[in-house]
Amino acid sequence: VIRCDIGLCVGCRMCEVSCSAGHYVGVSSELSRIRVAKMEGSGIDLAIACLSCLEKPCLECPTLALSVGSRGEIVLEEDDCINCRACYEACPVGAVGYHDDLPLFCDLCGDGPPACVEVCPTGALSNTEDVEISLRAFMGFDGKPGQKRANYATIESEPIREGWASGVRVDG
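Now for a quick tour of the structure.

Conventions and cut-offs
- Residues numbered from 1 in each chain as written.
- Predicted model: local features only at pLDDT ≥ 70, side-chain atom pairs only at ≥ 80, totals over all residues.
- Heavy atoms only, no water.
- Phe/Tyr/Trp six-rings, centres within 6.5 Å; stacked < 30°, edge-to-face > 60°.
- Helix = DSSP H or I, 4+ residues; strand = E, 2+ residues; numbered from the N terminus.
- Lys NZ or Arg CZ within 6 Å of the ring centre and 35° of its normal.
- Patch = residues over 30% accessible without salt bridge, like charges linked within 9 Å, V, L, I, M, F, W, Y side chains within 5 Å.
- Areas by Shrake-Rupley, 256 points an atom, 1.4 Å probe, with all protein chains shown as cover.
- Salt bridge = Lys/Arg side-chain N within 4 Å of Asp/Glu carboxyl O.
- Expected span 1.5 Å × (residues − 1).
- Buried < 20%, exposed > 50% of the residue type's maximum accessible area, 1.4 Å probe, protein only.
- Contact = heavy atoms within 4.5 Å.
- Core = buried A, V, L, I, M, F, W, Y, C linked by side-chain atoms within 4.5 Å.

Section: the packing of aromatic side chains
- Summed over the entire model, instances satisfying the criterion amount to two aromatic pairs.
- Taken together, a centroid distance of 5.3 Å and an interplanar angle of 65 degrees make the contact between Tyr-88 and Tyr-98 edge-to-face. With Tyr-88 in helix 2 (residues 86-90) and Tyr-98 in strand 6 (residues 97-99), the pair connects residues that are ten residues apart, well separated along the chain.
- Stacked on the ring of Tyr-88, the Lys or Arg Arg-85 has its end atom at 5.4 Å from the ring centre.
- Over the ring of Tyr-98 we find Arg-85; its NZ or CZ atom is 3.9 Å from the centre of that ring.

What follows is the structure in structure tokens.
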């Protein structure tokens, strides 16, 4: 699971660049399996990839085209996908991308280290195993994936923003 330390993320989008370049010939945030939520009003940035949450609402696929891989990643059987977008819409934090009629899930870059973690200039990204994350609190939020990412980033950043309001430094 790719985790982002919201106190270290500067929103540079190098994670998106490395992800899209590693999976496709082109470079575009639309081709990336990790997306940066940039909260311009507050200065908060948060990179979000599939968190392989406990609830896994994406697995409620009508054709069973999705499963969980050996490292906890969501695996798509492309031949079984019917482009219904149920998984895309089900993700409570908007972590599922979509391109060429297929959902895009973080695959942890296969056997090697995740490219996004390797290129992150601030060390905000890490690949953690054996982490159980519940997104139950976000399950009731309706909206487009970008709105869901913004909602998740807003809630995740509350402790930092409260610290700023009381004069607490993020780095110490």
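With respect to a nonpolar patch on the surface
- A cluster of nonpolar residues, Met-14, Val-17, Val-27 and Val-119, forms a patch on the protein surface that exposes about 290 Å² of accessible area.
- In this fold, Val-17 is placed in helix 1 (residues 14-23).

Describing helix 4 (residues 145-156)
- Along its twelve residues, helix 4 runs 16 Å from first to last C-alpha, staying within 8% of the 16 Å computed at 1.5 Å per residue.
- Those residues of helix 4 lying buried are Pro-145, Lys-148, Arg-149, Asn-151, Tyr-152 and Ala-153.
- Contacts made by the buried residues of helix 4 are with strand 2 (34-39), strand 3 (44-49) and helix 2.

Re the nonpolar core
- By size, the foremost hydrophobic cluster in this structure holds 44 residues, and its most contacted members are Ile-2, Ile-34, Val-93, Phe-105, Leu-125, Leu-135 and Tyr-152.
- Every element with two or more residues in this core is listed here: strand 1 (2-4), helix 1, strand 2, strand 3, helix 2 and helix 4.
- Ignoring any residue separated from it by four or fewer positions in sequence, one finds Phe-105 in contact with Arg-33, Cys-50, Cys-58, Leu-66, Ile-74, Cys-87 and Val-96.

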